[in-house]
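# Topology and contacts: notes
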Amino acid sequence: MIEWIAFPLIAVLMVLILVHQAAVFWLGAPTVSTPADVAEVMLDQIPENFDGTLVDLGAGWGALVAAAVARFPQAHVVAVEASPIPWLVLVVSQRLFGWRTVTVLRRDLFQVPLNQADVVVCFLYPKMLERLRLKLRAELRAGAVVVSHRFAIPRWRPARTVALEGPDESAVLVYVQT
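Residues numbered from 1 in each chain as written. Predicted model: local features only at pLDDT ≥ 70, side-chain atom pairs only at ≥ 80, totals over all residues. Heavy atoms only, no water.

### Some points on the sheet that holds strand β6 (residues 160–163)
An order of β3-β2-β1-β4-β5-β7-β6 is seen for the seven strands of this open sheet, with the pairing classed as mixed. Edge positions in the sheet fall to β3 (102–105) and β6, since each of these pairs with one other strand and no more. Direction aside, the axes of adjacent strands within the sheet are offset by 15° on average. In the sheet, β6 pairs with strand β7 (residues 171–176) via four bridges, with the strands oriented antiparallel. Paired with T161 across the two strands is L173, which belongs to β7. Packing of helix α2 (residues 36–44) onto the sheet brings it into contact with β1 (53–57), β4 (119–122), β5 (145–149), β6 and β7, and relative to β5 it is tilted by some 160°. (Pairing = 2+ DSSP bridges. Helix = DSSP H or I, 4+ residues; strand = E, 2+ residues; numbered from the N terminus. Axes fitted to C-alpha atoms, helices over the stretch in contact; angles between N-to-C directions. Contact = heavy atoms within 4.5 Å.)

### A closer look at the environment of L136
Turning to its location among the elements, L136 is positioned in helix α5 (residues 126–139). Of the residues examined, L136 reaches a relative accessible area of 0% and is grouped as buried. Taking C-alpha positions, L136 is 9.1 Å from V120, a pair spaced 16 residues apart along the chain. For L136, the contacting residues outside a window of four places in its chain are L114, V120, V146, I153, W156 and Q177. (Buried < 20%, exposed > 50% of the residue type's maximum accessible area, 1.4 Å probe, protein only.)

### Overview of the side chain of S148
Note on placement: S148 falls in strand β5. Judged by its relative accessible area of 0%, S148 is buried. A polar atom in the side chain of S148 sits 2.7 Å from the backbone oxygen of F151. Once residues within four sequence positions are removed from consideration, S148 is found in contact with M42, C122, L129, A171, V172, L173 and Y175. (Polar contact = N/O pair within 3.5 Å; in protein donor to acceptor, adjacent residues only side chain to side chain.)

From the geometry alone we can't say anything about function, so treat these as descriptive.
In structure tokens form, the structure reads like this:
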């Protein structure tokens, strides 16, 4: 009896792994989760009583989204993820945990309008940030904040940089749209 249950479950798992790997290849970047301590430092860069719109570009498995919902219950959080498996995890998390203030989008981050964003958070590779730089400059309103983990936005000067402790000596970079 167990074999009849195990085989379909293993087959479904294999298909999900293949779909995820295909998405990684197609999107050009793996899904890398923001560590919880880094997410907290990123969110520390946002005012305490924030109640605007926070957009997580490349939300991945949702670690930063979960932390943002807990920290800013009045904020509208938009989780943008193109990869199907992490997106599905986000959708399930949204329903399971009752995140009423969260919108989960399965889209290419370059197709999502940012003109309503007060804060944009991201953990993206330099090539993505190079492309994103122009979109941020064109669409964000003055005073909007961009918080990036580890990688700087090319040709932008951060308003502040918060060094993180640890072996990789990464940082959280904070930018303010002018």
